[in-house]
There are 2 protein chains.
Amino acid sequence: VNEIVGRLRAVVVEGDVQTTPEILAAHRRDRWVLSELHDLEGRLTALPVAVVEPGSTAEVARVLEVCREFATPVVPYGGGSGVCGGIAPAEGSVVLSTARLQGLVRLEEQDLCASFRAGTNGLEAERRVGEAGLTLGHWPQSIELSTVGGWVATRASGQFSTGYGSIEDLVLGLEVVLADGSVLRLPPHARAATGPDLRQLFLGCEGTLGIVTEVTLSLRRSAAARAGVACHFPGFAEGLDAVRSLLAAGYSPPVVRLYDPAESQRHFPEHCPDARAMLLLIHEGPARLVEAATEASIALCDEMGGTRADSAAVDVWLEHRNRVPGFREFLERGIIVDTIEVTCPWSSAAELYERVTRSLQQVEGILLATAHSSHQYRSGTGLYFTFAARPANPADMAETYRECWRRALDSTLALGGAISHHHGIGRVRREALHEGLGDAGVALLRTLKQALDPMGLLNPGVLIPDDPGSA
Amino acid sequence: VNEIVGRLRAVVVEGDVQTTPEILAAHRRDRWVLSELHDLEGRLTALPVAVVEPGSTAEVARVLEVCREFATPVVPYGGGSGVCGGIAPAEGSVVLSTARLQGLVRLEEQDLCASFRAGTNGLEAERRVGEAGLTLGHWPQSIELSTVGGWVATRASGQFSTGYGSIEDLVLGLEVVLADGSVLRLPPHARAATGPDLRQLFLGCEGTLGIVTEVTLSLRRSAAARAGVACHFPGFAEGLDAVRSLLAAGYSPPVVRLYDPAESQRHFPEHCPDARAMLLLIHEGPARLVEAATEASIALCDEMGGTRADSAAVDVWLEHRNRVPGFREFLERGIIVDTIEVTCPWSSAAELYERVTRSLQQVEGILLATAHSSHQYRSGTGLYFTFAARPANPADMAETYRECWRRALDSTLALGGAISHHHGIGRVRREALHEGLGDAGVALLRTLKQALDPMGLLNPGVLIPDDPGSA
């Protein structure tokens, strides 16, 4: 142990190598509720051997070389805001934190792009480009906690994705350190047909195929105009139909959020009548386009059976949109809470909503099972389920939790959905990936892993299901 | 030879195995002008051992198994419309044609997607969805010649890409047969965060990593309204600036085409004054958005120094847009002609245009060196150069050709551009890929190739530069 720490200290000079128990303990997990539960129960006892904070890409490469030499697993750590168990270093692992890879590297106003070191905080990145009247157009709920590198590694999606796209639509260039210590710099081309898009290997790799060290993001000018629309529908299914029609008609406002009746009451008690499904739209862009799109979307909602509501509801949402709820206070009261986001085709969206909420409501101790839809595509939608359960025996919280997840993912798979829209796989969805990608898909993922990280040192235990054939 | 043909005949029952000399000869090459030149000179003598036309995905898998057994290279063949030398089977290879993998498999009107077998002709695919009032929104110049599978394998881009995206934005699902004969079915999810996007390995792989057998494409409703705008600028640089401003202001009309003065005269002699650069825009979508965007783009062009022209120029373009010029008549007159499309950031676009056209004009025997810009992004543009040269000695055509390519790609690399926008690498750009992706990028591509096709049987000689270290 001392030997690897010594070697790491020798190669990390611009950055730091931390070994104090508090810092090691603070890097044992992300915000996965099951890790939080285990933490609360005092069961998170494994500690990494060191939290390494390289100060440059070259130092990241050297850290990986040292870890390879010692055959020591490396767990990359960005903002620690993941909710799927992507960070759970085994005893003696090295945590590679991007905390010292900070800041804007360059901003090209004419080319509308900016490069950031991977550890740059999301809100900070947005602030930096905002000074030039520009925006990333990427606004995950966790923007205050997450990092630019984490967005790439987890294949993040933001609240404005319907109009502006998800992180894969915004990444132009990437710098990645591979397991063998080589540095890959993929230049920020607007588009290229130079073989497969190699950036895509790392968008969503969850640290298993390489360590992202720098990201060049596409920018847009801050919108000249913005307009909010709120209206409510008799039920969630009717609202989904309206959203589908809006997208099919050729509109894609940046924000399109449809809440089921329970969530509508929870979030907008003053703006939505009981038992109705609230829809919020935000149009952004040049003033005339915003005006035309706003009027058209109001007319379409009207046509689809919606009732116009006070657009102050949109302001309520804008104000609270970055609030990331803590799980701890619930856990201490014996309540386990989580969210499950999936994608599904329009043709099965209403049924999936019904099936999952109904199925969750049958779980022993369930307190609530609700949903909203917040990322829209011509072909389908993202459904975001929230559940809370208080089993009679608090010791059953983990099992109740797993049961809820199983039900939600089984229904999703049965109806042709994708098991994650934007939170990723981590540990919580790992076993479902076989059905999600098919055996050939998982085999291909294993082939990539074997090719890029033959020693299996990069974030082991995450994303890729264990191979029952090996070991 | 007879042995492998016999084995192929035994496994291909729904489809066919062709061995007549005419059919073998017809599959020796794509439309790369250098192959056409060699053909004309009688130098294309190598023949594949068979042209296999599997009738199903299962038969594709069996063909790959037989080829693996005989260690025989397999060259996939779609429409044969590529222009980069992606098809040039070595003597004794097997050509795997998708000619029998035909037609629409399913059309989901609610989910706005359609699945096609890989060999479906592009225009036929568009016609089939057109019957339902839908469109692919993908319209490459070669749409009458190319196939849906070829679009994926070459990372194609269509004439409406500025508004509707390129093929990677339109592909939802893929079925691919891997070198080991396993069948990968990646379901048509609107979006997923289930690890890296595995579809991307095959978008642009040019047949080197797998054989695409079925493609699910996103659809859109046929636009409710369409409006064309034509105007001209004092020069190409001024036009580029206007296009950049249009994109930066938040507009992305499906079609945005800017021609340099020479091409403006060549294509629009009646609509563009001499020495001016013609810009064509087509707005599509809901009527009110089209109206607002059209007016705004006219105002912006005005502001940027443009002069409005008769929008009949747009109709001229619409009428002729699928004309794919033949090289043969030129070659027979000792003239070598080709196009070179690259991508570059806005900040270097005008300079790249100047450098390349000026540099080409210095090549001995050059007849013309012109360009247009036809695919736009917030961060940059696609420049499409056309050159024609008649060297004093017709035997120098190939060398003159290579010199023109070298000049264009060297300038592109020097100014931070991508060496291909949408034609791909094939053989013509292969050696430039080292500079295009960097050594680490090429190494990663080789790692992928080794992992997915360890025997190197899938379309060898294409895309990936030879490894001087091996062999």
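Residues numbered from 1 in each chain as written. Chains lettered and ligands numbered in written order. Predicted model: local features only at pLDDT ≥ 70, side-chain atom pairs only at ≥ 80, totals over all residues. Heavy atoms only, no water.

Participant: Please explain the relation of the copies chain B and chain A as it appears in this structure.
Facilitator: In this structure, two copies of a chain are linked by a rotation about an axis accompanied by a shift along it. Expressed as a screw operation, the relation of chain B to chain A combines 0.0 Å of axial shift with a rotation of 180°, fitting to an RMSD of 0.0 Å. Here the symmetry operator amounts to a two-fold rotation axis. (Least-squares fit on C-alpha atoms with pLDDT ≥ 70 in both.)

Participant: Teacher, can you tell me more about the interface of chain B and chain A here?
Facilitator: Each partner contributes residues to the interface: chain B has 80 residues there, and chain A has 80 residues. Buried surface at the junction of chain B and chain A, summed over both partners, amounts to about 6400 Å²; 58% is from carbon and sulfur atoms. Where chain B packs against chain A, one counts four salt bridges. R191 of chain B is the partner of E168 of chain A in a salt bridge, and the nearest nitrogen-oxygen pair spans 2.6 Å. One can count 30 residue pairs in polar contact (both at pLDDT 80 or more) joining chain B with chain A. Those elements giving two or more residues to the side of chain B that touches chain A turn out to be α8 (167–170), β9 (183–186), β11 (220–221), α9 (236–248), α11 (287–303), β16 (336–345), α14 (346–361) and α16 (433–452) of chain B. Element by element, the count of residues in the side of chain B that touches chain A is highest for α16 of chain B, at 11 residues. (Contact = heavy atoms within 4.5 Å. Buried area = accessible area lost by both parts, 1.4 Å probe. Salt bridge = Lys/Arg side-chain N within 4 Å of Asp/Glu carboxyl O. Polar contact = N/O pair within 3.5 Å; in protein donor to acceptor, adjacent residues only side chain to side chain. Helix = DSSP H or I, 4+ residues; strand = E, 2+ residues; numbered from the N terminus.)

Participant: Please explain helix α4 (residues 57–69) of chain B as it appears in this structure.
Facilitator: The α-helix advances 3.6 residues per turn, and as a result positions three or four apart in sequence lie on the same side. Residues and elements named next belong to chain B. Taking 1.5 Å as the rise per residue, α4 with 13 residues should run 18 Å; its terminal C-alpha atoms sit 19 Å apart, in good agreement. All buried positions along α4 are accounted for by T57, E59, V60, A61, V63, L64, V66 and C67. Two residues or fewer past α4, A71 is found with a positive phi of approximately 50°. (Expected span 1.5 Å × (residues − 1). Buried < 20%, exposed > 50% of the residue type's maximum accessible area, 1.4 Å probe, protein only.)

Participant: How should I be thinking about the sheet that holds strand β5 (residues 104–108) of chain B in this particular structure?
Facilitator: Strands pair in a sheet through their backbones, by hydrogen bonds, and they do so in one of two ways: parallel or antiparallel. Residue and element names in this part refer to chain B. The five strands are arranged β5-β6-β10-β8-β9 in an open sheet whose pairing can be described as antiparallel. A single partner strand is all that each edge strand has here, and the edge strands are β5 and β9. The average undirected angle you get between the axes of adjacent strands in this sheet is 10°. With four bridges joining them, β5 and strand β6 (residues 113–117) adopt antiparallel strand pairing. Bridge pairing in β6 places L104 opposite F116. (Pairing = 2+ DSSP bridges. Axes fitted to C-alpha atoms, helices over the stretch in contact; angles between N-to-C directions.)

Participant: Could you clarify how one ought to interpret helix α3 (residues 33–40) of chain B in this entry?
Facilitator: Residues and elements named next belong to chain B. Counting buried positions along α3 gives six out of eight residues, so the element sits mostly inside the fold. Here α3 has its buried residues at V33, L34, S35, E36, L37 and H38. Close packing links the buried residues of α3 with α13 (328–332), β16 and α15 (397–414). One or two steps after α3, the chain reaches G42, where phi turns positive at roughly 75°.

Participant: Looking at this structure, I do not really get the environment of W317 of chain A. What am I missing?
Facilitator: Residues and elements named next belong to chain A. Topologically, W317 is positioned in helix α12 (residues 312–320). For W317, a relative accessible area of 7% translates into the label buried. W317 sits 168 residues away from G149 along the chain, and the two C-alpha atoms are 27 Å apart. In this structure, W317 is in contact with Q159, V255, R257, Y259, F268, L280 and I282, ignoring residues within four places of it in sequence.

Participant: Even after reading the chapter, I still don't get the packing of aromatic side chains, so can you show me in this structure?
Facilitator: The description of an aromatic ring pair rests on the distance of the ring centres and on the angle between the ring planes. All names here are of chain A. Under the criterion given, the structure shown has 10 aromatic pairs over all chains. Look at F387 and Y401: their rings are 6.0 Å apart centre to centre, the planes differ by 50°, and that puts the pair in the tilted class. Taken together, the residues span a long stretch of sequence, with F387 in strand β18 (residues 380–389) and Y401 in helix α15 (residues 397–414) at a distance of 14 residues. Within the aromatic cluster, the residues linked to one another by ring pairs are F387, Y401 and W405. Note that R321 overlies the ring of W139, its terminal NZ or CZ placed 4.2 Å from the centroid. (Phe/Tyr/Trp six-rings, centres within 6.5 Å; stacked < 30°, edge-to-face > 60°. Lys NZ or Arg CZ within 6 Å of the ring centre and 35° of its normal.)

Participant: Looking at this structure, how should I read the sheet that holds strand β17 (residues 366–376) of chain B?
Facilitator: Residues and elements named next belong to chain B. The seven strands lie next to each other as β15-β12-β14-β13-β17-β18-β16, forming an open sheet whose pairing is antiparallel. Whereas interior strands pair on both sides, the edge strands pair on one side only; in this sheet they are β15 (307–309) and β16. For this sheet the average axis-to-axis angle between neighbouring strands, irrespective of direction, equals 20°. As defined by bridge partners, strand β12 (residues 225–233) adjoins β15 across three bridges and the pair is classed as antiparallel. Within the sheet, the bridge partner assigned to C231 lies in β15 and is R308. Sheet contacts for α9: β12, β13 (255–259), β14 (277–285), β17 and β18 (380–389); angle to β17, the most-contacted strand, approximately 15°.

Participant: What am I meant to see in the pattern of salt bridges here?
Facilitator: A side chain with one charge can pair with a side chain of the opposite charge if their charged atoms come near. Residues and elements named next belong to chain A. Scanning all chains against the criterion turns up 55 salt bridges over all chains. For R100, the salt bridge is made with D16, and the minimal N-O distance between the two is 3.3 Å. Of this pair, R100 sits in the loop between β4 (94–97) and β5 (104–108) while D16 is found in strand β1 (residues 16–18), placing the two residues 84 residues apart along the sequence. R100 gets classed as partly exposed once you look at its relative accessible area, which sits at 35%. Owing to a relative accessible area of 31%, D16 belongs among the partly exposed residues under this scheme. The structure contains a network of salt bridges with shared partners spanning R28, R29, E36, D39, R328 and E332.

Participant: Teacher, can you tell me more about the nonpolar core here?
Facilitator: Generally speaking, nonpolar side chains in soluble globular proteins are found buried as a group. F202 and L217 of chain A together with F202 and L217 of chain B are the most contacted members of the largest nonpolar core, which has 243 residues in total. If we skip the residues at most four places from it in the chain, L217 of chain A touches L112, C113, A114, F116, L136, V148, W151, I167, L170, V171 and L172 of chain A. (Core = buried A, V, L, I, M, F, W, Y, C linked by side-chain atoms within 4.5 Å.)

Participant: What should I look at first to understand the packing of helix α1 (residues 2–11) of chain A against helix α4 (residues 57–69) of chain A in this one?
Facilitator: The axes of two packed helices give the description: the angle between them and the distance between them. All names here are of chain A. Here α1 crosses α4 at 160°, and the two axes come no closer than 9 Å. Regarding the angle of α1 to α4, the classification is roughly antiparallel. With respect to the hand of their crossing, α1 and α4 are arranged in right-handed fashion. Residues I4, R7, L8 and V11 of α1 touch α4, and the partners they reach there are E59, R62, V63, V66 and E69. Split by residue class, the contact of α1 with α4 holds five nonpolar, no polar and four charged. (Parallel < 35°, antiparallel > 145°, perpendicular 65-115°, else oblique. Left-handed = near helix turned anticlockwise from the far one by under 90°. Nonpolar A, V, L, I, M, F, W, Y, C, P; charged D, E, K, R; others polar.)

Participant: How should I be thinking about the side chain of S297 of chain B in this particular structure?
Facilitator: Residues and elements named next belong to chain B. Structurally, S297 is set in helix α11. At a separation of 2.9 Å, a polar atom in the side chain of S297 contacts the side chain of H283. In contact with S297, other than residues within four places in its own chain, are V229, L246, L281 and H283.

Participant: What am I meant to see in the packing of helix α3 (residues 33–40) of chain A against α15 of chain A here?
Facilitator: All names here are of chain A. Their axes nearest at 11 Å, the elements α3 and α15 cross at an angle of 175°. Between α3 and α15, the angle is such that the two are roughly antiparallel. Here α3 contributes V33, L34 and L37 to the contact with α15, which in turn contributes M397, A398, Y401 and R402. Per-class residue counts for the contact of α3 with α15 are six nonpolar, no polar and one charged.

Participant: How do you make sense of the environment of I4 of chain B when you look at a structure like this?
Facilitator: Residues and elements named next belong to chain B. Relative to the assigned elements, I4 resides in helix α1 (residues 2–11). Its relative accessible area of 5% is what places I4 among the buried residues. Not counting residues up to four positions away in its chain, the partners in contact with I4 are V49, V66, F70, T72 and V94.

Participant: What exactly am I supposed to notice about the state of the cysteines here?
Facilitator: Put plainly, two cysteines are in a disulfide when a covalent bond ties their sulfur atoms together. If you walk through the whole model with that rule in mind, you get zero disulfides over all chains. In this model C84 of chain A remains outside any disulfide bridge; the closest cysteine sulfur is found in C205 of chain A, 15 Å from its own. Relative accessible area serves as the criterion here: at 4%, C84 of chain A is assigned to the buried category. There is no disulfide at C113 of chain A, and the cysteine sulfur nearest it, in C344 of chain B, is 13 Å away. (Disulfide = S-S within 2.5 Å.)

Participant: Is there a simple way to think about the confidence of the model for chain A in this case?
Facilitator: Any residue range with low pLDDT should be treated as having predicted coordinates unsuitable for detailed reading. Averaged over every residue, the pLDDT of chain A is 97; residues scoring 70 or more account for 99%. Prediction confidence for the complex, expressed as pTM and ipTM, is 0.97 and 0.97 respectively. (pLDDT = per-residue confidence, 0-100.)

Participant: Help me understand unusual backbone geometry, please; the structure alone is not making it clear to me.
Facilitator: Negative phi values dominate among residues other than glycine, just as trans dominates among peptide bonds. Even without being glycine, L112 of chain A reaches a positive phi, approximately 45°. Relative to the helices and strands, L112 of chain A resides in the loop between β5 and β6 (113–117). L112 of chain A gets classed as buried once you look at its relative accessible area, which sits at 2%. Positive phi outside glycine occurs at A275 of chain B, with the angle close to 65°. Structurally, A275 of chain B is set in the loop between α10 (261–267) and β14. Judged by its relative accessible area of 47%, A275 of chain B is partly exposed.

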